[in-house]
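Tertiary structure, described
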Amino acid sequence: MSATTTDRSIAEVSVNGETREFDGPPHTNALDFLRGHGLTAAKEGCAEGECGACAIMIARPDAEGTTRWTSVNSCLLPAAALDGGEVVTAEGLVDGKTVHPVQEEMAVRGGSQCGYCTPGFVSSMAAEYYRPERAADAADADAAEAEHHCGPNGFDLHSLSGNLCRCTGYRPIRDAAFALGQPSADDALAARRELPAPAAVATDYQRADTATGRIGRYRRPATLAEAVEILSSEPDTTVVAGATDWGVEVNIKGARAENVLAVDRLDEMRGVRRSADHIELGAAHTLSELERELAGDIPLLGKLFPQFASRLIRNAATIGGNLGTGSPIGDTPPALLALDAELVLTSVRGDRSVALADYFTGYRQTVREADELITAVRIPLPLSPLTSFQKIAKRRFDDISSVAIGYAVDVRQGQIAKARIGLGGVAATPLRARATEAMLEGRPWSLETVHAATETLAAEGTPMDDHRASAKYRTAMLRSSLERFYAEQLGNTAVTSQEVQ
Amino acid sequence: MSQLSQRPADPVVGERHHHESAFGHVTGSALYTDDLVGRLTGVLHAYPVQSTTAHARLLSLDVEPAYAMPGVVRVITAADIPGVNDQGVKHDEPMLPTDEIMFFGQPLAWVLADDLDAAREGAAAVTAEVDELPSLVTVRDAIAAESYHGQPLHIDKGEVDAAFADAAHVFEGEFEFAGQEHFYLETQACLAHVDENGQIFVQSSTQHPTETQDIISHVLGIPAHEVTVQCLRMGGGFGGKEMQPHGYAALAALGATLTGRPVRLRLNRTLDITMTGKRHGFHSSWKIGFTDDGKILALDASLTADGGWSLDLSEPVLTRAMCHIDNAYWVPNIRVTGRIAKCNKTSQTAFRGFGGPQGMLVLEDILGRVAPQLGLSARELRRRNFYAQGQDTPYYQPVRHPERIEACWDQLIDESELEARELEIEAFNAGSDHIKRGLAITPVKFGISFNLTAFNQGGALVLVYKDGSVLVTHGGTEMGQGLHQKMLQVAATTLGVPLSTVRLAPTRTDKVPNTSATAASSGSDLNGGAVKNACDQILDRLRQVAAGILGAPAHEVDISRGIVSALSSPKTVTWEELINTAYFQRIQLSASGFYRTEGLHWNLSQMRGEPFKYFAYGAAVSEVEVNRFDGSYTLRRVDIVHDVGDSLSPLIDLGQIEGGFVQGAGWLTLEDLRWDESDRPSRGRLATQAASTYKIPSFSEAPEVFNVSLLDKAHEEGAVYGSKAVGEPPLMLAFSVREALREAVRAFGGPGRGVELASPATPEAVFWAIEDVRAEESRAAASVTEGQRVPS
């Protein structure tokens, strides 16, 4: 990162190896920026990060000074955030007259019909093609298959969970994905991975909004100290991390911020730090980065990550952002509540630590002061060994929860020593099922206990009717949850329906 | 074999090729309508002012505040329309309302501005003064208020009442099921300008360029020859671009004439979902009688289509629904009454299957529900009722090739190892309390042709240039279904040239006039017939030329893969040499081709005739696994045998079958249109109006194992090169998913129990169905059933 903030009203982006200048209104997303430059492969299908037709690859830092080609939804990404960055679109995957292996397989196997979603699929697929761990997953295909939905070539189908196709029924796309080999020795994009990703240049982008004429500002400071200083002196600043929520506000609801503070690339807020009594997750780490770097060390989060939105979203969304929005249906809070997580809030006044259970105060309301940033999430150790993440939704991939329930339970000598249950989607805030926890603790870990607590759990929260689910169904999900958890822990055959009744 | 259906030796049709634009798709070089904006300068962007009430009297619009926004150039209201203010063909669909607002989200005016943001800000500044009126939001509301479009339609065949008296088993019920949003990935888009010749030129993502042209023409009050519509390609259509694009194209064209600048109109996803029509939801009440051995004796059913605010295509949709209620089953005595509910919602329209799926769903649901009460498996009940040779449909059309239903069925049972898997599932379920599996097999019989006979015509223009290269234009549009690829293969086959010799030009109304919509699965039949006809005309002329060169009789001339030969001649020449010679002999090297489907007739008032050229058949087996804790499920395996005739292009057909199936499964299980039925001010608003709330199938819903076979020995005499239409029929193979869910739910209770399942069978709906079964099983039924939700 450069040491000083430079004022500039033009952002420079390397797109398919060519420098392009961005000088539009600050709320412009990367998709419109690219299309405005005649690069129309990426398309708008939904403008809210659900369909992936706009997917592109960006160069993001990876372990030990290397680069990871990372697929993201360009419709959510502010164009200004690309300042100093490197982008590859479907157009850029073509090398002269030679199409990329991903493009070749998609074309000849019938992976495209109408073709509108195809450049987005190609981008997601190319990012997975270049995933450094894929070769190892291919070598250990059985394990990878069990862990993910990996093909024999190590291709993880979850990488396409954020891309929708209305024509093909997906089978030919899956076949194309599983037919891919490994990048060849002279593959320039593969070679690019061995060099560092572009540093996040400090950016202060200011430009008039064409509709209102007002000046909008997008700032990405170089240090956390600068960021909290800005927040302190300009409390009406809009803090944006991965922009997967903010981008939706801009695109769908027409939200315009005069003053955006981008915090997703601040070194101080990134990484995973381990100590004897906790694991600290950088708030600006993306969910994909956490998934990779934790590598199952926090099993409950390991169960959550594949169910959190889609890979395209997880590649941009940060854990701090998911908490910062204060949404009652964010997917991390139920799991983090079960883990007794604490948040580190930082301002010019210093750091303070807040238990996540005390963080939410009302619908999209939290104890975070306007001048504070969430800089880290701490997971205390030791972890309770029995965990589960139950996400109830219409669709298995890439959906918003109707209800989400996280469990972390410690059983000692057959007795429940500690129970933590986090709930989402059943009240104006995520909450802990405290009455149920109290009922469980100290009792034997048995079906009898489960049944005794069932109605207590069903009564936690105040679920509502909406287009995702009825209140009655949400209550029923709470009611069946403990029994499901118990069945999961024992394996499904251990509980018979006779016993349950 | 007919002349139309007979293939020459070594034909290009039948070869496996990828989509003609596949490499354009994957590289991004294939352009869509909205990709063209950057090619014009001074483009204005359009954004609508939408109604925020479901039904109201429009008293006045104040558009002045919009002009205060920087960048706003023009606000268009109904008063600006010089011609007919109607975006449909029934004269009940004002493009912009003058006095009555008919649905929540209806465009009241459009703002044109230098950029989209300014247009949106301008639209937000326009205010409407309205008087709220009572609104009808659900089909039940409309039925209760007797609010209908047009008159009822009736099918009445045989002696229904007498048959019920004879029936050993009679069941009655009601079934209401939801519609479906098209969710083409490319939303409605058009780009209009006045060209260098003073013509209106409109690029439009439309399945029906001719009708788009017609509507622009009547809205502007100018003759059709002043309007040209081009459709490069669509990012999906599925019926949603058959009628819906017209009003937007007309608005853009009007804007271009009013301002002298190009106008781009592209709906964002929420505008598209809230403004455009969808698949009709239906309400049905029914009574069915069976013989003692499970043969259907009589069916008496009402079908009420949820038509929305205007007629649109609701009449033909309803007609097709009524003509498909029989699906693959012989119903000797039948009475069906059809109505179109008029209510304050988007105007429901064509969607892949066009009413057929809705009609068939009613009977498939009945069979799935009552089989246990007849003491039969659903599989056996279905099979016993298949059409046999000599039987005819409820509208008196003989069913040709009924043996193909059974052929598909038997081939499928064999290929899918169905009987062994039924036993495996039984064993699995016996040992599993929370997770149950279910398997079901269902058939499809789908009539091919537009019900309305006049639409069954197609046109083409084939140009052979002096260098031998061939350019084909036809009346059909490309929306991903691979029509252009099939047309290339037809042209190459007929002319006898390599595929690479032929190129396809985009669909334009100034190349081929008066075309029918690319709809009703008829694209290949109609346009293929026309392309073949044009090529045959050229070929007939070329044979004479070749005969001269080769010194052989014309009837002996064979042109294949670019080589011209004759049996009695030792000489051969190339296609290019032949064309060069023909040119110097002043032989016409172009032709316009035409095709009309022979033998069709239809009497709508009597609902009687032979509206279909042939039937497409198929069958599918689906296996699901259901979790009782939340009702969630996975689609473990799907096997399909489908009848595409002799395939023109097998990879393309395979794609249609698989894609149609998954889209049908989405309709039946996942996709959930939720309209606000409350009395709040948001009454009539669609709550699921974005990709985040309206969920179409993703990778997680695709079958884990997906096997598709094409039916063997399937030549179709009545269509080009022996092929059959394939666009719509496979959608209905997805009934097998719904029925498999029913079987899995049933497994949570005792045998012999009927299971009612809402549609869509979302995880929540499946959960409540399981709860019902379990509650009955434990004889503690109290209060659980009230959770059963039947969506509108």
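Residues numbered from 1 in each chain as written. Chains lettered and ligands numbered in written order. Predicted model: local features only at pLDDT ≥ 70, side-chain atom pairs only at ≥ 80, totals over all residues.

1. Comments concerning the sheet that holds strand S7 (residues 148-157) of chain B
All names here are of chain B. Rules: By the convention used here, strands pair only if DSSP detects at least 2 bridges between them. Under the DSSP-based scheme used, a helix requires at least four consecutive residues in state H or I and a strand at least two consecutive residues in state E, with every element numbered from the N terminus. All axes here are fitted lines through C-alpha atoms, helices being fitted over the stretch that makes contact, and every angle between N-to-C directions spans 0 to 180 degrees. Here, residue contact means that the backbone-derived C-beta atoms of the two residues sit within 7 Å.
Read from one edge of the open sheet, five strands run S7-S15-S14-S13-S8, paired in mixed fashion. The open sheet has two free edges, formed respectively by S7 and strand S8 (169-177), since each of these has just one partner strand. Direction aside, neighbouring strands of the sheet carry axes that sit 10 degrees apart on average. Sheet topology note: the S8/strand S13 (residues 282-290) ladder contains nine bridges and is antiparallel. Opposite glycine 173, over in S13, you have tryptophan 286 as the bridge partner. Strands S7, strand S14 (296-308) and strand S15 (333-342) of the sheet are contacted by helix H9 (residues 314-323), whose axis makes an angle of about 160 degrees with S14. Sitting on the sheet, helix H10 (residues 356-370) is in contact with S8, S13 and S14, with an inclination near 50 degrees to S13.

2. Overview of the packing of helix H16 (residues 447-458) of chain A against helix H17 (residues 471-490) of chain A
Residue and element names in this part refer to chain A. Rules: Roughly parallel refers to an angle under 35 degrees, roughly antiparallel to one over 145, roughly perpendicular to one between 65 and 115, and oblique to any angle outside these ranges. Two helices crossing with the near one rotated counterclockwise from the far one by less than a right angle form a left-handed crossing, whereas a clockwise rotation gives a right-handed crossing.
Running from N to C, H16 and H17 point in directions that differ by 160 degrees, and their axes come no closer than 8 Å. On the basis of their axis angle, the class for H16 and H17 is roughly antiparallel. In this structure, the crossing between H16 and H17 has a hand that is right-handed. Contact residues: H16 offers Leu447, Val450, Ala453, Thr454, Leu457 and Ala458, while H17 offers Thr475, Leu478, Arg479, Ser481, Leu482, Glu483 and Tyr486.

3. Overview of the nonpolar core
The nonpolar side chains of a soluble globular protein tend to be buried with one another. Residues and elements named next belong to chain B. Stated precisely, the cut-off is as follows: Joining buried Ala, Val, Leu, Ile, Met, Phe, Trp, Tyr and Cys residues through C-beta atoms within 7 Å gives a set, and that set is a nonpolar core. Three classes are used. A residue is buried when 20 or more other C-beta atoms lie within 10 Å of its own, exposed when 12 or fewer do, and partly exposed in between, with C-beta atoms placed from the backbone.
Residues Val111, Ala252, Ala253, Leu741 and Val745 are the most contacted members of the largest nonpolar core, which totals 350 residues. Residue contributions to this core peak at nine residues, all from strand S27 (residues 614-627). Counting residues in each nonpolar core, the second largest holds 45 residues, with Val13, Leu483, Ile538 and Ile579 among its members.

4. Here's the deal with the confidence of the model for chain A
All names here are of chain A. Applicable threshold: pLDDT runs from 0 to 100 and stands for how confident the predictor is about each residue.
Mean pLDDT over chain A stands at 92; residues scoring 70 or higher make up 95%. Here residues 1-7 is a poorly scored stretch, pLDDT under 50, and it has 20 contacts once near neighbours within four places are set aside; other chains count. Per-residue pLDDT stays below 50 along residues 492-501; that stretch engages in 17 contacts with residues further than four places along the chain or on separate chains.

5. Some remarks on the sheet that holds strand S6 (residues 127-132) of chain B
Residue and element names in this part refer to chain B. Within the open sheet, the three strands sit side by side as S4-S2-S6. Their pairing is antiparallel. With one partner strand each, in any of the chains shown, strand S4 (100-101) and S6 form the two edges of the open sheet. Of the strand pairs in this sheet, strand S2 (residues 56-62) and S6 are connected by six bridges, and their pairing is antiparallel. By the bridge assignment, leucine 58 is partnered in S6 with valine 130.

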